[in-house]
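# Reading the structure
If you want the building blocks of each chain, they are given just below.
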Amino acid sequence: MSTREIDCTSCRSRTLVRAEPLYDGFRKTGEAYVCTACGARYASASETPFARSSARPRVFTEHDLPERIAVFGEDERRHCCGWCAHFVVNPFSQRCGLTNRETQATDLCVRFARKPDPSSGAAPEEARPTSP
C-alpha cells in the first residue's frame with residue numbers, strides 16, 4: 001500500500017490517502033483510495049482528488065553545511081608507499097622496488113616518487129637522494 005496526499009472533498013482538509021486493493025476472489029481487480037482523516041472512500045485513482053505537488057520549502061541552505069576540514073595540505077597528501085611509483089605488490093608480499101625491503105602501504109620513505117597519472121602517461125618523478 002502506498003500513501004500520498006489528497007484534498008479530501010468530505011472533510012475539506014489535506015490529508016494522506018491509503019490505497020487499498022480490491023479483489024474478485026483471489027484476483028486483484030483494482031485499488032480504492034481511503035482518506036486517513038475521515039475514512040471517505042474513492043473508487044478509483046481518476047476519482048481521487050490528489051493534491052498538487054507543490055515545492056516544499058528548503059529547510060537547509062548551502063550556508064548551513066559545515067566547512068570542509070583540511071587536516072593536511074595538498075602537498076602533504078599521498079606521500080606514503082602505497083602511492084609511490086616504486087611500490088611493488090604481489091599476492092604474497094609488498095616490497096619497495098628500490099631497496100627490495102618488505103613494506104606496507106602506509107610506510108613513509110625519503111625516496112618517495114609519485115606514481116604517474118594513468119591518463120597523462122607521464123613518467124614518475126625521480127627519486128630523491130637519501131641522506132646517510
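What you see is a predicted model; the values in this text were computed from it and never measured.

Each value, and the rule that gives it
Residues numbered from 1 in each chain as written. Predicted model: local features only at pLDDT ≥ 70, side-chain atom pairs only at ≥ 80, totals over all residues. Heavy atoms only, no water. Helix = DSSP H or I, 4+ residues; strand = E, 2+ residues; numbered from the N terminus. Contact = heavy atoms within 4.5 Å. pLDDT = per-residue confidence, 0-100. Core = buried A, V, L, I, M, F, W, Y, C linked by side-chain atoms within 4.5 Å. Buried < 20%, exposed > 50% of the residue type's maximum accessible area, 1.4 Å probe, protein only. Phe/Tyr/Trp six-rings, centres within 6.5 Å; stacked < 30°, edge-to-face > 60°. Lys NZ or Arg CZ within 6 Å of the ring centre and 35° of its normal.

Take Phe50: it is sitting in the loop between β4 (41–42) and β5 (87–89). A sequence separation of 45 residues divides Phe50 from Glu5, and the C-alpha atoms of the two residues are 6.1 Å apart. Other than its neighbours up to four places away in sequence, Phe50 contacts Arg4, Glu5, Ile6, Val17, Tyr33 and Ala45.

Of the residues in the chain, 82% reach a pLDDT of 70 or more, and the chain-wide mean stands at 82. Averaged pLDDT values for the elements of the chain fall to 81 in strand β1 (residues 3–7) and rise to 93 in strand β3 (residues 27–35).

Of all hydrophobic cores here, the largest spans 8 residues; its members are Ile6, Cys8, Val17, Ala19, Tyr33, Cys35, Ala40 and Tyr42. Residues contacting Tyr33, with those up to four places away along its chain left out, are Val17, Arg18, Ala19, Ala40, Arg41, Tyr42, Ser44, Ala45, Thr48 and Phe50.

The next thing to look at is the packing of aromatic side chains. In total, this model carries 1 aromatic pair according to the counting rule given. Between Tyr33 and Phe50, the aromatic rings sit 5.5 Å apart at their centres with planes inclined by 85°, giving edge-to-face as the arrangement. One end of the pair, Tyr33, is in strand β3; the other, Phe50, is in the loop between β4 and β5, and 17 residues separate them in sequence. A relative accessible area of 10% means that Tyr33 is categorised as buried. Classification of Phe50 by relative accessible area gives partly exposed; the value is 22%. Lying over the aromatic face of Phe50, Arg4 brings its terminal NZ or CZ to 4.1 Å of the ring centre.

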